Amino acid sequence: MHRIVAIALKDLRLLIRNREALFWVLAFPLMMAVLFGAIFSGMGSKARKPMEVAIVDEDQSEASKAFVGRLKSQDSVKLVVKSREGGLAAVRTGKLVAYVLIRKGYGAKQGFMAGDNKKLEVGIDPSRRTERGFLQGILMKAVFGGLQDRMSNPAKTRKFIQESVSGLGAAGARDPEEAKLATFLKAFDSYLGSVDNQTFKGQMKMDGPKIEAVKYAGGKRPRTSFEVSFPQSVVWGLLGIVSSFAILVARERTVGTLLRLRISPLTWTHILGGKALASFMASIVTMALIFALGIVGFGLRLGNLPQLGLAVVCTAVCITGMMMLIATFGKTEQAVSGASWAVMMPLAMFGGGMIPLVSMPSWMQTASHFSPIKWAVYSFEGAIWRDFTLAEMALPCGLLVIIGVATFALGVVLLSRAKS
Amino acid sequence: MIQAQKLQKRFGEVQAVDGISFEIAKGETFGLLGPNGAGKTTTIHMLVGALKPDAGKVVIDGVEDPTHANARQNIGMAPQALALYENLSAEENVSFFGTIYGLRGADLAQRVDWALGFTRLSDRRKDRMKTFSGGMKRRLNMACAVVHKPRVLFLDEPTVGVDPQSRNAIFDNIEELKAEGTTILYTTHYMEEAQRLCDRVAIVDKGGLLALDTVTGLIDAHGGNSLVEATLEQAPSDPSAFPGTLDGLSLRVETDHPLKTLARITDAGVHFTSLRVDRPDLEAVFLNLTGRRLRD
């Protein structure tokens, strides 16, 4: 055991003295954690900036002005008054998200919605697909706001109904459908005549369902975006460890120190055991340091500490195994370095190390199941804020250990073959 | 102490070692002399158990398997490549290799001090290896090989690319180890080194062993004649009585006994204004055995 520890300590010392490797193992992941955390949190006030939309009111009627007023009253949108050409140009050049054009004649045809919605034209920047849905909701709210206004003023609505009934033609000349509509409108008119002006005030809401974030069993969810970005960015440090230690194994071979170790009384178990121990320890220390900095500087919670410890240990096992396998992917440091990034980058990309899993298309989310990085991030989140039970931790942690053991065994077999 | 019996090793189409056999006695310094690519390093790698021979047998200190821990504990090796960690200091390098040979605590510290002092690196012990000159790196390579006090030491081209000062320091080290009774196998393609350090020398080329003997024995057997060149004070009265060829006052004689030849000339009452005797060396031995020079 003493000899395994000696090899591990030597490798750790070499890692610590390699500034380039240290950058990738510690500094880069921290930069990513802070950067992505800040982006996800929206960097304060900018994130809460309303969607900027051009409004072009060519109608200038009472109804169009009321529609604009209802849009303005929503804090999720900021209207910028423009001409038709100005609005189009602002969207085309990406300065504004969309334009809303109220064509002439909007207020001339009075309907239930207090305006002719066929006279509304909306154009949106094709690259702002996410905002399209938001904007649609905002416009629907403003449109239905017209109906709300109508219902809040029964006298005005009755006048509109009576005009509509007379527009259906003489009673004897109506077709069966018109006759049914006339009967309904008359009944509605009669009802509105029996209520006072206060009946609908404050009662007719057109807000739609209220959406709230799901509360977990323990009432937990990511308190800050850093609780998402730190588990995600730890992955980068682990990639750095895989690459650095795989390169160290290759360097032992090219420099000749591996020959020296092999002709010493050390067994192959001592040599590979020492390398594995160093990688394992470096993984644990890296994760601990990054999470500790997240706690001290960015409000990261520890969550369930024993489970976080379990996730860290299982991830370290997985990383150690992968390092051992990747060390066999080339005979020179350059070859191993290239191979390690070529293998680990796609795994990180598919595993949510670059883009959060929820933002991926469904096929990528399916593919992510094959990336150990996904299970590492999932286990960290489970311990920190998803409030996983021990049974729920078993899946990601078990998979990490299985992948680690399998890749370690394969790596040892391949390295042993290369030795002989 | 070391036995190599009919060792063979092939890499693809190349027969790197082809039936080499020799024995090295305890305390002997044995040289493997040959040009680059002769099979010296491959032979050493088979002797230390880093390479498995295709055929043949190796016995180290009575142990037939050189990969056995007991055999390895008594072996030290300074590989031809500088097998060191450049981001570790001299002390850390030596200490690490001492540790993997089982040294601990005060014993380890004492042996590290000794190895660094032995190779004259004590004053640079805290400096990282990458800051060292080529000669210092070679000496550190040697320090790491001897820190555990091996009984058998393999030195593979230990003076390649070093300055004369470091080369002399390495020679001193080897002679000191030799005086202490360490068995040394030394490979080189510098015949001066083999001539200076080795009790016996095996000349190898193209994987085969061409000759094996003491340096004197090899020269006597394969070196050819010595060359005596002299300038005479005055022309001899009877040039036909002289050995060799006489051109005016310049005499040139090839002889297998230069001293006897000189005695015969001086006995005839001839005096020299200049005299030079070129004895054959291992270079001549190699040339005579292979038709090529060692450094060709």
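Only a predicted model underlies this, so the values are computations on that prediction, with no experimental measurement involved.

Side note on the overall build of chain B
Then step 1. The number of helices and strands found in chain B is 10 helices and 13 strands.
Then step 2. Within chain B, the fraction of its 296 residues that count as buried is 51%.
Then step 3. Of the contacts made within chain B by residues no fewer than 6 positions apart, 67% connect residues no fewer than 24 positions apart.
Then step 4. Accessible area of chain B: about 13000 Å², with a carbon and sulfur share of 47%.
Then step 5. Of note, chain B has its 34 positive side-chain charges centred 6 Å away from the centre of its 39 negative side-chain charges.

Remarks on the overall build of chain A
Then step 1. When its secondary structure is counted, chain A shows 15 helices and four strands.
Then step 2. Long-range pairs, those at least 24 residues apart, make up 75% of the contacts in chain A with a sequence separation of at least 6.
Then step 3. Just so you have it, chain A exposes about 21000 Å², and 63% of that area is on carbon and sulfur atoms.

A few points about helix α10 (residues 282-290) of chain B
Given 3.6 residues per turn, any residue in an α-helix points the same way as the ones three and four places further on.
All names here are of chain B.
Then step 1. For α10, the complete set of buried residues consists of Leu282, Glu283, Ala284, Val285 and Phe286.
Then step 2. A side-chain oxygen of the first residue of α10 lies 3.1 Å from the backbone nitrogen of Glu283; this N-cap is Asp281.
Then step 3. Looking one or two residues beyond α10, the residue adopting positive phi is Gly291, at roughly 80°.

Quick notes on unusual backbone geometry
Then step 1. Phi is positive for Gln60 of chain A, which is not a glycine, with a value near 55°.
Then step 2. For Gln60 of chain A, the location among the structural elements is in the loop between β1 (51-57) and α3 (62-72).
Then step 3. By relative accessible area, which is 47% here, Gln60 of chain A ends up partly exposed.
Then step 4. With phi around 60°, Arg120 of chain B is a residue other than glycine that occupies positive phi space.
Then step 5. Mapping Arg120 of chain B onto the fold places it in the loop between α4 (105-118) and α5 (134-146).

Some remarks on the sheet that holds strand β7 (residues 183-188) of chain B
Residues and elements named next belong to chain B.
Then step 1. Pairing within the open sheet is mixed, and its six strands lie in the order β5-β6-β7-β3-β8-β9. Looking along the sheet, the strands with just one partner apiece sit at the ends: β5 (75-78) and β9 (208-214). Recorded for the sheet is a direction-independent mean angle of 15° between the axes of neighbouring strands.
Then step 2. As judged from the four bridges shared by strand β3 (residues 29-33) and strand β8 (residues 200-205), these two strands associate in the parallel manner. Bridging across to β8, Phe30 finds its partner in Arg200.
Then step 3. Helix-sheet contacts for helix α8 (residues 215-222) involve β8 and β9, and the interaxial angle to β9 is about 115°.

A few points about the pattern of salt bridges
Then step 1. Tallied over the full model, the rule gives 29 salt bridges over all chains.
Then step 2. Linking Glu28 of chain B and Arg200 of chain B is a salt bridge whose minimum nitrogen-to-oxygen distance equals 2.4 Å. Remark: Arg200 of chain B occurs in strand β8 and Glu28 of chain B occurs in the loop between β2 (14-24) and β3; sequence separation between them is 172 residues.
Then step 3. One continuous salt-bridge network, built from bridges that share partners, spans Lys10, Asp11, Glu252 and Lys275 of chain A.

Observations regarding α3 of chain A
Residues and elements named next belong to chain A.
Then step 1. All buried positions along α3 are accounted for by Ala63, Ser64, Phe67, Val68, Arg70 and Leu71. For α3, the arc enclosing every buried residue in end-on projection is 160°, short of the 170-degree limit, so these residues lie on one face. Turned more than 90 degrees off the buried face of α3, the exposed positions are Glu62 and Lys72.

Some thoughts on the packing of helix α3 (residues 90-100) of chain B against α5 of chain B
All names here are of chain B.
Then step 1. Where α3 meets α5, the axes come as close as 8 Å, and the angle between the chain directions of the two elements is 30°. If you check the angle between α3 and α5, you find them roughly parallel. As for how α3 packs across α5, the hand of that crossing is right-handed. For the pair α3 and α5, contact is made by Ala90, Asn93, Val94 and Phe97 and by Leu140, Ala143 and Cys144, respectively.
Then step 2. Taken together, the residues of the contact of α3 with α5 break down into six nonpolar, one polar and no charged.

A short note on a nonpolar patch on the surface
Then step 1. Among the surface-exposed residues, Met1, Val5, Leu9 and Met281 of chain A lie close enough to one another that they form a single nonpolar patch of about 360 Å² accessible area.
Then step 2. Mapping Val5 of chain A onto the fold places it in helix α1 (residues 2-16).

Re the environment of Gly34 of chain B
Residue and element names in this part refer to chain B.
Then step 1. Tracing the sequence through the fold places Gly34 in the loop between β3 and α1 (40-47).
Then step 2. According to the relative accessible area criterion, Gly34 is buried, its value standing at 0%.
Then step 3. Note: C-alpha distance between Gly34 and Gly105 (71 residues apart in sequence) is 42 Å.

The rules behind these values
- Residues numbered from 1 in each chain as written.
- Chains lettered and ligands numbered in written order.
- Predicted model: local features only at pLDDT ≥ 70, side-chain atom pairs only at ≥ 80, totals over all residues.
- Heavy atoms only, no water.
- Helix = DSSP H or I, 4+ residues; strand = E, 2+ residues; numbered from the N terminus.
- Buried < 20%, exposed > 50% of the residue type's maximum accessible area, 1.4 Å probe, protein only.
- Contact = heavy atoms within 4.5 Å.
- Areas by Shrake-Rupley, 256 points an atom, 1.4 Å probe, with all protein chains shown as cover.
- Lys, Arg positive; Asp, Glu negative; His and termini not counted.
- Charge placed at Lys NZ, Arg CZ, Asp CG, Glu CD.
- Polar contact = N/O pair within 3.5 Å; in protein donor to acceptor, adjacent residues only side chain to side chain.
- Pairing = 2+ DSSP bridges.
- Axes fitted to C-alpha atoms, helices over the stretch in contact; angles between N-to-C directions.
- Salt bridge = Lys/Arg side-chain N within 4 Å of Asp/Glu carboxyl O.
- Arc of directions from axis to C-beta.
- Parallel < 35°, antiparallel > 145°, perpendicular 65-115°, else oblique.
- Left-handed = near helix turned anticlockwise from the far one by under 90°.
- Nonpolar A, V, L, I, M, F, W, Y, C, P; charged D, E, K, R; others polar.
- Patch = residues over 30% accessible without salt bridge, like charges linked within 9 Å, V, L, I, M, F, W, Y side chains within 5 Å.

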